[in-house]
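Residues per chain are reported as follows:
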Amino acid sequence: MISTSEATSIIQQNLWKPSSELIPLLTSNNRILAENIVSDRDFPAFDRVAMDGIAIAHESFEKGMRVFGIEGLQAAGMPQQKLSSVSNCIEVMTGAMLPSGADTVIRYEDLKISDKRVEILSNSIQKGGSIHRQGNDSKKNNQLISKGTIISSAEIPLMASVGKTTVEVCTLPRTAIISTGDELVNIDENPQPHQIRKSNVYALAAGLSRFGIEAHFFHLTDHEESIRKNLQTILSNHDLIIISGGVSKGKFDFIPDSLEAFGIKKQFHQVKQRPGKPMWFGTGENKMVFALPGNPVSTFMCFYQYIEPWLLKSLGAPYLPVKAILESDFTFDLPLTYFLQVKIKNEGGRFLAISIPGGGSGDFVNLKDTDGFLELPEGQFNFKKGEAFNFISFRK
Ligand code: AMP
Ligand code: MG
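First, a word on what this report is: a plain description of the structure on this page.

**Looking at the sheet that holds strand β18 (residues 265–269)**
Move 1: Strand order in the open sheet formed by six strands is β16-β13-β17-β21-β20-β18, with mixed pairing between adjacent strands. Edge positions in the open sheet fall to β16 (216–220) and β18, since each of these has one partner strand only. For this sheet, the mean inter-axis angle between neighbouring strands, taken without regard to orientation, is 20 degrees.
Move 2: As defined by bridge partners, strand β17 (residues 240–244) adjoins strand β21 (residues 287–292) across five bridges and the pair is classed as parallel. Paired with I243 across the strands is A291, a residue of β21.
Move 3: Helix α7 (residues 296–314) rests against β17 and β21 of the sheet, and its axis sits at about 160 degrees to β21.

Rendered as C-alpha cells:
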C-alpha cells in the first residue's frame, strides 16, 4: 500500500497529453487557453475621454482663463476633431477621442454652461485630467494572456477586444464515467428495497463540468463476463475512464483484474488513506483509468484530491494548493492519511476549518454541510487547534 503523496506523484507523472482545437469565443469560458493572446492595438487605442464635459488647452487655464467659447462637439465614435483656438473648448463625451490641440478634460460637474459659453467653477484643474492615455493599460503587440490560463469572464472581453472570434484551447479528454454494482438503478427509477439510485456518477459529472467535460455514462453489473464484454469498447473509445465501485476486496470486485486483462497497466492499488483506501490507478497509451471505491464520500474525495489536480496539470493550468487552520483538536489513531470533512469559516482573512464528522464514507448527506476536506497526514495522530493543513475544496 502506498502513501497519498506517492499516489499523487505517480498520478502526476502520468499526465494526459491534450492537443488543441479552435472553438468559438463564446463557448470558451472555463476552457484552457492553448495560445498566447497578443494585443493588436494599444489599450486604450487612443487618448480616450474619461468624463462627459469639455476639453481645453490647459495653458489657457494656467493663464487665468475661466470662461471659454464652445467650438464644437466630439462624441464617442466621431473621428478626431481639432481645437483651433486656445480660448475655446470642445464639448467631449466619455469614450470619444481627445480632440487634437486639447490636453485636459473637465467634467460637467465642475462647469456652468450657458448658450455657447462655458465657465469653469473649480480652481484646481489638473493638466491631463480625465484622460485615459493611449497605451496606458497595455501596448500593441504585448502578450495579454498566456497559454495555460483558465478562461474566465475576465479573459473573454479582452479576447473579444482584440478580435478573437475563435480561440485555440486545449482539447478535453474523451471521458467515460462507469458505475458498477447490481444494487444500482437509474435515478428515474423506483428502487426496490435492496436497490439504490446511482448517485456517484452525477457527483463525478458535476466535478468534470467545471472543465467543460461532458462525460459518457456507462454501467457495469457485478458479473465478470459482462464486465469484460463491455469494458473493452469503453476503454478503446475514451482517454479518461473513471470507475466507481468494484475495486475493493469483495467477491464481486472484478474491476482491477478486468482492466489489466485489457492491457491497462496497474500503477497502484490501495492508498494509505481514509476514505478511499481501495483506490486503483492504471494507464494505457495516453489513457488513464481511475477506479475509485464506490462509497460515495470515497469517490467524491478521490475526485477532488487526485483527478481534479491531475486534469489541471494535464491541461497545463495551474493548481494552487490551499491551506486551512484546524479550529479544534482532532485525534485519528490509524496509520493512514485522514481526509477530515470540514466547513470553512473566514475569520479576518484566515480560513478556519471546522470539523463536520458525518457517518463515514457512506454518508454523503453530510457533504452538503461541508466545503471540502482537510488532509491530516499519516503518522501524526493528534492534530492541534491552530495547525494548518492542506485543504481540498470542492466549492469553486
Ligand atoms: P463498492 O466499492 O462497489 O464495494 O461499493 C461500496 C458502496 O458504495 C456500496 O454500498 C455501493 O452500493 C455504493 N455505491 C457504489 N457505486 C455507487 C454509485 N454510483 N452511487 C451510489 N452509491 C454507490
Ligand atoms: Mg460494488
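**Side note on the pattern of salt bridges**
Where charged atoms from two side chains of opposite charge come close, those side chains can pair.
Move 1: A complete count under the given rule lists 14 salt bridges for this structure.
Move 2: The shortest N-O distance in the salt bridge between E21 and R31 comes to 2.7 Å. Remark: R31 occurs in the loop between β1 (20–24) and β2 (37–38) and E21 occurs in strand β1; sequence separation between them is ten residues.
Move 3: We classify R31 as buried; its relative accessible area is 11%.
Move 4: K368 is the partner of D369 in a salt bridge, and the nearest nitrogen-oxygen pair spans 3.1 Å.
Move 5: Members of the salt-bridge network, linked through shared partners, are R210, E308 and K396.

**Topic: the packing of aromatic side chains**
Move 1: One pass over the full model with this rule turns up 13 aromatic pairs.
Move 2: Measuring from centroid to centroid gives 4.9 Å for F303 and Y304, while their planes differ by 80 degrees, and the two rings are edge-to-face. When sorted by exposure, F303 lands in the same class as Y304, which is buried.
Move 3: The exposure class assigned to Y304 is buried, which follows from its relative accessible area of 8%.
Move 4: Following the ring pairs from residue to residue traces out a cluster consisting of F300, F303, Y304, F373 and F394.
Move 5: Over the ring of F61 we find R66; its NZ or CZ atom is 3.8 Å from the centre of that ring.

About the thresholds
Residues numbered from 1 in each chain as written. Chains lettered and ligands numbered in written order. Predicted model: local features only at pLDDT ≥ 70, side-chain atom pairs only at ≥ 80, totals over all residues. Heavy atoms only, no water. Pairing = 2+ DSSP bridges. Helix = DSSP H or I, 4+ residues; strand = E, 2+ residues; numbered from the N terminus. Axes fitted to C-alpha atoms, helices over the stretch in contact; angles between N-to-C directions. Contact = heavy atoms within 4.5 Å. Salt bridge = Lys/Arg side-chain N within 4 Å of Asp/Glu carboxyl O. Buried < 20%, exposed > 50% of the residue type's maximum accessible area, 1.4 Å probe, protein only. Phe/Tyr/Trp six-rings, centres within 6.5 Å; stacked < 30°, edge-to-face > 60°. Lys NZ or Arg CZ within 6 Å of the ring centre and 35° of its normal.

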